[in-house]
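Descriptive structure summary
Chain by chain, the residues:
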Amino acid sequence: MQKIIKWFAPFLALGVAVFIVFFLVSINSQDEVIDTQPLVLKNETVFKKPEKLWLNHFSKSERLGYFYPVNEVYITLDLNEKITKTITYKLSAKLLDPYQLFCLKEELKRHKLKYFLKKDAKGIDLLIYSQNVDKLNKLVKVLKNYKIKATVAPYKKED
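Residues numbered from 1 in each chain as written. Predicted model: local features only at pLDDT ≥ 70, side-chain atom pairs only at ≥ 80, totals over all residues. Heavy atoms only, no water.

1. Looking at helix α3 (residues 98–111)
Given a rise of 1.5 Å per residue, 14 residues ought to cover 20 Å, and the 20 Å separating the end C-alpha atoms of α3 matches this to within 8%. For α3, the set of buried residues is Gln100, Leu101, Cys103, Leu104, Glu107, Leu108 and His111. For α3, the angular spread of the buried residues around the axis is 165°, confining them to a single face. Opposite the buried face of α3, at more than 90 degrees from it, the exposed residues are Pro98, Tyr99, Lys109 and Arg110. Against β1 (89–95), β2 (116–119), β3 (124–130) and α4 (133–144) lie the buried residues of α3. The N-terminus of α3 is capped by Asp97, whose side-chain oxygen sits 3.3 Å from the backbone nitrogen of Tyr99. Immediately downstream of α3, the backbone of Lys112 shows phi near 55°, a positive value. (Helix = DSSP H or I, 4+ residues; strand = E, 2+ residues; numbered from the N terminus. Expected span 1.5 Å × (residues − 1). Buried < 20%, exposed > 50% of the residue type's maximum accessible area, 1.4 Å probe, protein only. Arc of directions from axis to C-beta. Contact = heavy atoms within 4.5 Å. Polar contact = N/O pair within 3.5 Å; in protein donor to acceptor, adjacent residues only side chain to side chain.)

2. Things to note about the packing of α3 against α4
The packing of two helices is summarised by the inter-axis angle and the distance between the axes. The contact between α3 and α4 brings their axes to 11 Å, and the two run at 145°. Considering how the two elements wind past one another, α3 and α4 form a crossing that is right-handed. Taking contact as the criterion, the partners of Leu104, Glu107, Leu108, Arg110 and His111 in α3 are, on α4, Lys135, Leu139, Val142 and Leu143. For the contact of α3 with α4, a count of residues per class yields five nonpolar, one polar and three charged. (Axes fitted to C-alpha atoms, helices over the stretch in contact; angles between N-to-C directions. Left-handed = near helix turned anticlockwise from the far one by under 90°. Nonpolar A, V, L, I, M, F, W, Y, C, P; charged D, E, K, R; others polar.)

Geometry only, nothing functional implied.
Structure, rendered in structure tokens:
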């Protein structure tokens, strides 16, 4: 084993040297170059038709000064408009175990409601915001079958 290791490095070096020699010979072949004349510089000028660019507008303007690279948009709002009030309701429920969470998700899919699950140290809270109070009350009745206590109340933004 030691003899193999002792002779491995010289054989590897010899192999690399042979590879390099063959590589250099192959890229430096003795083939004659057919085109021995020097290249000729062509002095033909090509005139391109100027394209219409949005930047050309700025160069033709008679006004001096800085031009902004974006369009300016002005919006007027009528703040005297009467704002209609819509009451949003919030359904909240505390979930205690994973089975209740599974059942709840299946019922929400069936009722086609979007929901928000908030997980913290106390457990998982479900929040559903909707303007259809009847749909939320029906969901509360269904959740009682799974022993999930849910309440519906008007939603007020917390400041």
